[in-house]
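Architecture at a glance
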Amino acid sequence: VQLQASGGGLVQAGESLRLSCAVSGSIFSQNVMAWYRQAPGKQRELVADIGSTGSTIYADSVKGQFTASRDNVKNTVYLQMNNLKPEDTAVYYCKFRQVERRSWVDYWGQGTEVTVSS
């Protein structure tokens, strides 16, 4: 399984970005896609988690600001980020998780950098 993330960039505070992460390879129906981020000097944290049925979980810090969605035909997960703030600056990683041989297996994308200037 391979993940290719894209959509990061440099924006000003208040602007929006949409991240995408395409998953390819041997994909099974029972899976979860997620976005994480890691700011400089901080630990990686969960931003949003979206199951195969579309159910989502968000970090409190992004509720109402970010929206995760997925296209199961394209095997792609998206993260719409609105009203960006300097504290949203981080490298954003997508994660794909699925059941293989009765165990959950995690795959990570390479990360896409988001920089928000004030």
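Residues numbered from 1 in each chain as written. Predicted model: local features only at pLDDT ≥ 70, side-chain atom pairs only at ≥ 80, totals over all residues. Heavy atoms only, no water.

**Digging into the sheet that holds strand β1 (residues 2-6)**
Definition in use: In this scheme, strands are said to pair when DSSP sees at least two bridges between them. Under the scheme used here, helices are H or I runs from DSSP no shorter than 4 residues and strands are E runs no shorter than 2 residues, and both carry numbers assigned from the N terminus. Lines fitted to C-alpha atoms define the axes, with helix axes restricted to the stretch in contact, and inter-axis angles between N-to-C directions lie between 0 and 180 degrees.
Reading across from one edge, β1-β3-β8-β7 is the order of the four strands in this open sheet, with antiparallel pairing throughout. Edge positions in the sheet fall to β1 and β7 (66-71), since each of these pairs with one other strand and no more. Taking the axes of each pair of neighbouring strands and ignoring which way they run, one obtains an average angle of 15 degrees across the sheet. One ladder, built from five bridges, connects β1 with strand β3 (residues 17-24); its direction is antiparallel.

**Let's talk about the nonpolar core**
The test is simple: Think of a nonpolar core as a cluster: buried Ala, Val, Leu, Ile, Met, Phe, Trp, Tyr and Cys residues, connected wherever their side-chain atoms sit within 4.5 Å. Three labels apply to residues, based on accessible area from a 1.4 Å probe with only protein chains included: buried if under 20% of the type maximum, exposed if over 50%, partly exposed otherwise in between.
In this structure, W35, V47, F66, L79, M81 and Y92 are the most contacted members of the largest nonpolar core, which totals 28 residues. Of all elements in the fold, only β1, β3, β4 (31-38), β5 (45-51), β7, β8 (76-81), β9 (90-100) and β11 (112-117) reach the threshold of two or more residues within this core.

**Considerations on the pattern of salt bridges**
Definition in use: A pair is scored as a salt bridge if a Lys or Arg side-chain nitrogen falls within 4 Å of a carboxyl oxygen belonging to Asp or Glu.
Applying the stated rule across the entire model yields five salt bridges. K63 is the salt-bridge partner of D60, the closest N and O atoms lying 3.0 Å from each other. We note that D60, like K63, is exposed. Across the pair D106 and R97 runs a salt bridge whose closest N-O atoms are separated by 2.6 Å. For D106, a relative accessible area of 33% puts it in the partly exposed group.

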